[in-house]
Amino acid sequence: MNIFKPTIYLFMAILLASCQFGGQTDTQSIGEHLLDSGWKFKKGDIANAEKVDFDDSDWRELSIPHDWNIEPSLVQDDRHIGPFVKGTKDSTSTGNIDGGTGWYRKRFTLEREDAGKTVFICFDGVSVLSDVWLNGHHLGFHPNGYTPFSYNLTPYLNPAGKENILAIKTFNTGDNSRWYPGAGLYRHIWLSVSQPVYIEPWGVFVTTPLVDAKQSQVDVAVSIRNGADAASEVVIQASILNQAGEIVGSAEEKISCSSGSAVNPVLSLFVNQPKLWSPDSPALYTAEVKVLADGKLADVQSTRFGIRSIEFSAEKGFLLNGKETLLKGACVHHDNGLLGSATFDKAEYRRVELLKKNGFNAIRTAHNLPSSQFLDACDSLGILVIDEVFDMWVHPKRDNDYHLYFDEWSDRDVAAMVMRDRNHPSVIIGSIGNEIYERAEASGLAIAERLVAVAKSLDTTRPVTQAICALWQVPSQHWDATIPAFALLDIGCYNYEWKHYERDHQMHPDRVMVGTESFPREALINWNMAVEKPYVIGDFVWTGIDYIGEVGIGNTRYGKAGEVPIPVRPYPWYLSWCGDIDICGNKKPQSYYRDVVWGESDLELLVHAPIPEGKTELVSKWGWPDEYPHWNWEGNENRPLQVSVYANFDMVRIHNNGKLLGEKVIKKEDNLTATFMIPYQAGELTATGIRNGKEVVSKSLVTSGKPAKIRLVAEHPVVKANPNDLSYIHIEVTDEKGRLVPDAELDIQLSVSGSGKLIACGNAAPDDLGSFNNPNLKTFSGRALAILQAGTESGNMRLTVHSKGLAEERIEIQVK
């Protein structure tokens, strides 16, 4: 039985403040201060750009998060469309986007009140590789674009009141990833300011030795370092606040700390009648930790957290707060579609929100650490997380990937994962790797043992795992060769290997299993395994959302009899096309089926596109049949079309324009599917679910008319005057009655005025490079998406959409 002590998890709440501290008192500047604005940028490998006297007057000024790799190439010709380049090495992996180099520079000044203070710069991630300088001093190199890191600026800062210059070189070597990595300062950066006695970066860890509905004990461990020249008497104060801002627990401890040393006091607090964190009720508290040195405020950290317990066993499965919970999981990559890899707060929150709305309660961050904001959103919305750090170890998957740095950096990067993320209530499992080449070899077993030990040295409250697939690199090896690898792990994570569950359980009855990758068309069998077998705690589909790279692995095409599906698609494809949700946030056909599998819906209705005569459908492993939730098939009148009714019913009936055309009993072996061949006639196609002889629910697809209007729908009509708060506006082509025209592909033109700008736009087509972030674009399946970014002043943003032959349409977004 794997029992992990219940833990309260903290996560860093980044305070929105300027890096200029003018007008603040000696204590007000202590804390964390975002460095998002005022950066200068230029793309290219520029000599001497790290030097203080370098002339950057012609560089572009911008704010971060910023992904320069997603911007149009400096060259536009027959090989280049926007950021896409035809013929790049391993282009199918990175979505036909090449690498390069980009430089950033920033000036900042500390006020005189900050003289003598300790200042760290903290990066949530810089892609892909980075070098950082302050005032001409090289602070360090970081080779992992997804892991957080920090530098102590104090020795190299100019005196308070004098300007400092940060210079950061970011470079993407290309041929270094199996998906689109992005490049640049794509995540937040902040300064942490304190007195010489300070809380170390990610130095607060909170556990709960006891979680009880009446009272929970909370232990707050704080890592404090004394960087002063003399010993100090330190007071640590910890308070817990509820959502109303009321203090519900507090503790204080005094301790001596000698010069140059570190202390690690643990404070115990108690919370009466705590609200426990869960996906159904993601209750969060705020913890405030203050450090006083010799009676003076030295450092402070204020964070949110959740109280919950986790337990894993083959007998009971996964228990959250003592309740069995099955993981309805999605693997997701890190990009934000049309925004590239830039981690705007709203974009990160929206991705989690979309998955939650579509029935998922768990995410695997494949195959790298997500941003802090992404985990913050999981905490707030109630999503369980498998937090993953590596896609390769020593053996490469691409020539220039992280394997070049693994031996030197892997311990540090695992430690960074654990220390940054160990306080999130959403994170329940940590993963040290995905489909590692050497996973079953002696060298790989030694690496796994080492990485597990690093993780456990910093956090014993959650299990550690890695995702294991078939031994494809040595086809002659039997699956049992994975036994030593699984023996090192707390949870057995299986990629596409559900067929081994039952036999492995017989051989290893204590092993807890989870499907960490599965094919969309195997959703039902994977889910049934989890429902029926307590030792299988859930399933994670590949993938939850379409992403840039691994182009076309979810493709469907029509070929000759005897041909086999192809695993990827060539240029101009740039998207994976395997997600339940497209890059604009719309449901794809497989998501409707999953709704029925999970019981989110009892009945869904989809229609297969006409198959060309003499052709056969070829669906890739990660693909889905070429079917759609609409009844618009002009030109195919009277041609029989395959109609699939996915249903949790004994029987279904199908009507077209009120005429009963058939009914079928759904048997267990039918995979919740009834299939009909229905001659196409425009109008209304209706499926009805029958239970115990009674009609229970019906769903219809209605043929729309010709394109007549443009409809604009804002997900949020009001946004904050903050560049991280984006407005997503859906552009829909409708007929005269306001019905979506699902086959409309119209040329449209976008323009934005007022207190914001158009930061991204496009459609969900996997191969339409010309519409990617181009204000002159096409709709796909009757839809497109515009993303507006607010400025820092209140007012209104206005999006105007034109399309030849249709009335101009406008929408206003309030900024305040």
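A brief look at the structure comes next. (Residues numbered from 1 in each chain as written. Predicted model: local features only at pLDDT ≥ 70, side-chain atom pairs only at ≥ 80, totals over all residues. Heavy atoms only, no water.)

1. Focus: the pattern of salt bridges
Side chains carrying opposite charge are able to pair once their charged atoms draw close together.
Argument step 1. Within this structure, the stated rule accounts for 45 salt bridges.
Argument step 2. Of the charged contacts in the structure, one is a salt bridge between Glu288 and Lys290, with a shortest N-O distance of 3.9 Å.
Argument step 3. Looking at Glu288, the relative accessible area reads 28%, which means it is partly exposed.
Argument step 4. Note on Lys290: relative accessible area 30%, which makes it partly exposed. (Salt bridge = Lys/Arg side-chain N within 4 Å of Asp/Glu carboxyl O. Buried < 20%, exposed > 50% of the residue type's maximum accessible area, 1.4 Å probe, protein only.)

2. Description of the sheet that holds strand S9 (residues 129-134)
Argument step 1. Strand order in the open sheet formed by six strands is S4-S3-S7-S12-S9-S10, with antiparallel pairing between adjacent strands. Of all strands in the sheet, those bounded by a partner on one side alone are strand S4 (60-62) and strand S10 (137-142). Strand after strand, the sheet turns through a mean of 25° between neighbouring axes, direction not considered.
Argument step 2. Here S9 pairs with S10 via five bridges, running antiparallel. Paired with Val132 across the bridge in S10 is Gly140. (Pairing = 2+ DSSP bridges. Helix = DSSP H or I, 4+ residues; strand = E, 2+ residues; numbered from the N terminus. Axes fitted to C-alpha atoms, helices over the stretch in contact; angles between N-to-C directions.)

3. A short note on the packing of aromatic side chains
Argument step 1. For the structure shown, the criterion picks out 35 aromatic pairs.
Argument step 2. Judged by centre distance (4.7 Å) and plane angle (10°), the rings of Phe123 and Phe149 are stacked. Placement of the pair is Phe123 in strand S8 (residues 118-123) and Phe149 in strand S11 (residues 149-152), with a sequence separation of 26 residues. As far as burial versus exposure is concerned, Phe123 and Phe149 are alike and both buried.
Argument step 3. In this structure, Lys664 packs its charged tip against the face of Phe676, placed 5.3 Å from the ring centre. (Phe/Tyr/Trp six-rings, centres within 6.5 Å; stacked < 30°, edge-to-face > 60°. Lys NZ or Arg CZ within 6 Å of the ring centre and 35° of its normal.)

4. Regarding helix H2 (residues 345-357)
Argument step 1. Between the first and last C-alpha of H2 there are 18 Å, a value that for 13 residues agrees with the 18 Å anticipated at 1.5 Å per step.
Argument step 2. Those residues of H2 that fall on the buried side of the exposure criterion are Lys346, Ala347, Glu348, Arg350, Arg351, Val352, Glu353, Leu354 and Leu355.
Argument step 3. Elements that come into contact with the buried residues of H2 comprise strand S24 (327-332), strand S25 (362-365), helix H3 (372-381) and strand S44 (726-734).
Argument step 4. Following H2 by one or two positions, Gly359 adopts a phi angle in the positive range, close to 95°. (Expected span 1.5 Å × (residues − 1). Contact = heavy atoms within 4.5 Å.)

5. Things to note about the environment of Gly683
Argument step 1. Residue position: Gly683 is located in the loop between strand S39 (673-679) and strand S40 (684-691).
Argument step 2. Taking C-alpha positions, Gly683 is 5.7 Å from Val702, a pair spaced 19 residues apart along the chain.
Argument step 3. Excluding residues that lie within four positions of it along the chain, Gly683 makes contacts with Trp631, Asn657, Leu701, Val702 and Thr703.

6. So, the nonpolar core
Argument step 1. Formed by 71 residues in total, the largest nonpolar core has its most connected members in Leu355, Phe390, Trp393, Val414 and Leu451.
Argument step 2. Setting aside its immediate chain neighbours within four residues, Phe390 contacts Asn144, His367, Tyr402, Phe406, Ser410, Asp413, Val414, Ile432, Gly433, Asn434 and Leu451. (Core = buried A, V, L, I, M, F, W, Y, C linked by side-chain atoms within 4.5 Å.)

7. Brief notes about the state of the cysteines
Argument step 1. Scanning all chains against the criterion turns up zero disulfides.
Argument step 2. Cys378 takes part in no disulfide bond, and the closest cysteine sulfur, belonging to Cys331, lies 13 Å away.
Argument step 3. For Cys378, a relative accessible area of 0% gives the class buried. (Disulfide = S-S within 2.5 Å.)

8. Focus: the pairing of strand S27 (residues 427-434)
Taken residue by residue, a regular strand's side chains alternate between the two faces of the sheet.
Argument step 1. For S27, a buried count of eight out of eight residues is recorded, marking the element as mostly surrounded by other parts of the structure.
Argument step 2. Pairing geometry for strand S26 (residues 384-388) and S27, over four bridges, is parallel. Residue pairing across strands places Asp387 opposite Gly430, the latter belonging to S27.
Argument step 3. Read as a crossover between parallel neighbours, the route from S26 over helix H4 (residues 406-421) to S27 is right-handed.
Argument step 4. As paired elements, S27 and strand S28 (residues 464-468) share three bridges and run parallel to each other. When the sheet's bridge partners are listed, Gly430 is paired in S28 with Val464.
Argument step 5. Handedness of the crossover joining S27 and S28 through helix H5 (residues 442-458): right-handed. (Right-handed = clockwise from strand over helix to strand, strands pointing away.)

9. Points about helix H9 (residues 589-597)
Argument step 1. Most of H9 is tucked away, with nine of its nine residues classed as buried.
Argument step 2. Regarding H9, the residues found buried are Pro589, Gln590, Ser591, Tyr592, Tyr593, Arg594, Asp595, Val596 and Val597.
Argument step 3. Considering only its buried residues, H9 is in contact with helix H8 (523-532), strand S31 (536-541), strand S33 (603-608), strand S35 (627-628), strand S36 (640-647) and S39.
Argument step 4. Gly599 occupies a position one or two residues after H9 and carries a positive phi of about 80°.

10. Comments concerning the sheet that holds strand S48 (residues 783-790)
Argument step 1. With antiparallel pairing, the four strands of this open sheet are ordered in space as S42-S44-S48-S46. Across the chains shown, the open sheet's two edge strands, defined by having one partner strand only, are strand S42 (709-714) and strand S46 (756-762). For this sheet, the mean inter-axis angle between neighbouring strands, taken without regard to orientation, is 25°.
Argument step 2. By the bridge criterion, six bridges tie S42 to S44 in an arrangement that is antiparallel. Among the inter-strand pairings, Ala714 is bridged to a residue of S44, identified as Ile729.

11. What about empty space enclosed by the protein?
Argument step 1. Inspection of every chain in the model, using the stated rule, returns eight cavities of 30 Å³ or more.
Argument step 2. Roughly 280 Å³ of internal volume is contained in the largest cavity.
Argument step 3. Looking at the lining of the largest cavity residue by residue, the class counts come to eleven nonpolar, nine polar and five charged.
Argument step 4. In this model, the second largest cavity occupies a volume close to 180 Å³.
Argument step 5. Around the second largest cavity, the lining is made up of 19 residues, and of these Asp335, Asn336, Gly337, Arg351 and Ile545 lie nearest the centre.
Argument step 6. The biggest single contributor to the lining of the second largest cavity is H2, with four residues.
Argument step 7. Here the residues of the lining of the second largest cavity sort into ten nonpolar, four polar and five charged. (1 Å grid on protein atoms, 1.4 Å probe; cavity = no way out; pocket = protein on both sides within 12 Å on 5 of 7 lines; lining within 4 Å. Points joined across faces, edges and corners; volume = space filled by probe spheres on them. Nonpolar A, V, L, I, M, F, W, Y, C, P; charged D, E, K, R; others polar.)

12. Description of unusual backbone geometry
Negative phi characterises most residues that are not glycine, and trans characterises most peptide bonds.
Argument step 1. In this structure, the amide linkage connecting Ala366 to the following residue, His367, adopts the cis form with an omega of -15°.
Argument step 2. Relative to the assigned elements, His367 resides in the loop between S25 and H3.
Argument step 3. Going from Trp542 to Thr543, the amide bond is cis rather than trans, its omega being 0°.
Argument step 4. Note on placement: Thr543 falls in the loop between S31 and strand S32 (556-559).
Argument step 5. Phi at Asp175 is positive, roughly 50°, even though this residue is not glycine.
Argument step 6. Examined against the element boundaries, Asp175 turns out to sit in the loop between strand S12 (163-172) and strand S13 (189-194).
Argument step 7. We classify Asp175 as buried; its relative accessible area is 10%.

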